[in-house]
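These are the residues of each chain, in order.
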Amino acid sequence: MTGRPLIGVSTYLESGARWGVWELEAALLPAGYPRLVQQAGGLAAMLPPDAPEHAAAAVSRLDGLVIAGGPDVEPSRYGAERDARTGPAARLRDAWELALTDAALAARVPLLGICRGMQVLNVALGGTLVQHIDGHAETPGVFGRHSVKPVPGTLYAAAVPEETSVPTFHHQAVDRLGAGLVACAYAGDGTVEAVELPRASGWVLGVQWHPEMGEDVRVMRALVAAATQ
């Protein structure tokens, strides 16, 4: 490959977005995501929700894929009853991002899941989620920080070998790991903070925190490097 790899990032629809004199439905993505892709050496492409049957065609045009953070995955997707603390359903986004994830896994396109994106990856592979934990999203609308420790010998540890402080905002977490996934980083309270597939399955990593809200580009740089090969 010559030039910068094309990295698709999933987006979401908001019905009342405002800019200038306008208030319209918009496909949104916090600027931190494309900025992080660019800082890591990639070209960023926004992927608005579409019919799931178009996911494979979209992924076939990409060198790498990021499933972005966002709302809680619908509990029925992993066979659970809704907890009262689980957020509103985003069924169209669930369907689209699960289809994108399946397509990337099938085509062995390098894949990074961020926060919700890690949970989508786990659910896509048959895993389940804890619908509420305390201590990882203290103030609504404000990112916190906590330390994450890598598991030696993993894909994540190859990119970030030391314990680091990361930007975090989530109230759900991985429960049962999806098929083939291994935990590759933990928070101090034992919460699984990153998951990955063995290298033989391609480059597949999910992180529970928000690297787009920090200064450390190493996780995204690892995705871009994999997408360049």
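Provided above is the structure to which this section pertains.
Residues numbered from 1 in each chain as written. Predicted model: local features only at pLDDT ≥ 70, side-chain atom pairs only at ≥ 80, totals over all residues. Heavy atoms only, no water.

**Q** Help me understand the sheet that holds strand β12 (residues 192-196) in this model?
**A** Sheet strands line up and pair through hydrogen bonds in the backbone, either parallel or antiparallel. With respect to topology, nine strands assemble into an open sheet ordered β4-β1-β5-β6-β13-β12-β11-β8-β9, the strand pairing being mixed. Sheet topology places β4 (43-47) and β9 (164-168) at the edges, where each strand pairs with a single neighbour. Strand-to-strand, the axes of this sheet are offset by a mean angle of 25°, without reference to chain direction. For strand β5 (residues 64-67) and strand β6 (residues 111-114), the ladder comprises three bridges, and the chain directions are parallel. Note on β6: the bridge partner recorded for L65 is L111. Strands β5, β6, β12 and β13 (204-207) of the sheet are contacted by helix α4 (residues 116-124), whose axis makes an angle of about 120° with β6. (Pairing = 2+ DSSP bridges. Helix = DSSP H or I, 4+ residues; strand = E, 2+ residues; numbered from the N terminus. Axes fitted to C-alpha atoms, helices over the stretch in contact; angles between N-to-C directions. Contact = heavy atoms within 4.5 Å.)

**Q** Honestly, the nonpolar core in this entry has me stumped. Any pointers?
**A** As a rule of thumb, soluble globular proteins bury nonpolar side chains together. If you look at the biggest cluster of nonpolar residues, it comprises 33 residues, and the most contacted ones within it are V66, L112, Y156, W203, L205, V207 and M220. Every element with two or more residues in this core is listed here: β1 (6-10), α1 (32-39), β6, α5 (155-159), β11 (182-187), β13 and α6 (218-228). With seven residues, α6 is the single largest residue contributor to this core. Counting residues in each nonpolar core, the second largest holds 29 residues, with L47, V59, L65 and L129 among its members. (Core = buried A, V, L, I, M, F, W, Y, C linked by side-chain atoms within 4.5 Å. Buried < 20%, exposed > 50% of the residue type's maximum accessible area, 1.4 Å probe, protein only.)

**Q** Is there a simple way to think about the pairing of β6 in this case?
**A** When a strand is regular, its side chains alternate between the sheet's two faces. Neither face of β6 is open: one carries L111 and G113, the other L112 and I114, and all of them are buried. Viewed along the sheet, the connection from β5 through helix α3 (residues 91-107) into β6 turns out right-handed. Here β6 runs beside β13; their pairing, made up of four bridges, is parallel. Counterpart to I114 in the pairing with β13 is V207. (Right-handed = clockwise from strand over helix to strand, strands pointing away.)

**Q** Any chance you could explain the state of the cysteines here in plain terms?
**A** Enumeration over the complete set of coordinates arrives at zero disulfides. In this model C184 remains outside any disulfide bridge; the closest cysteine sulfur is found in C115, 15 Å from its own. Here C184 falls in the buried class, since its relative accessible area comes to 0%. (Disulfide = S-S within 2.5 Å.)

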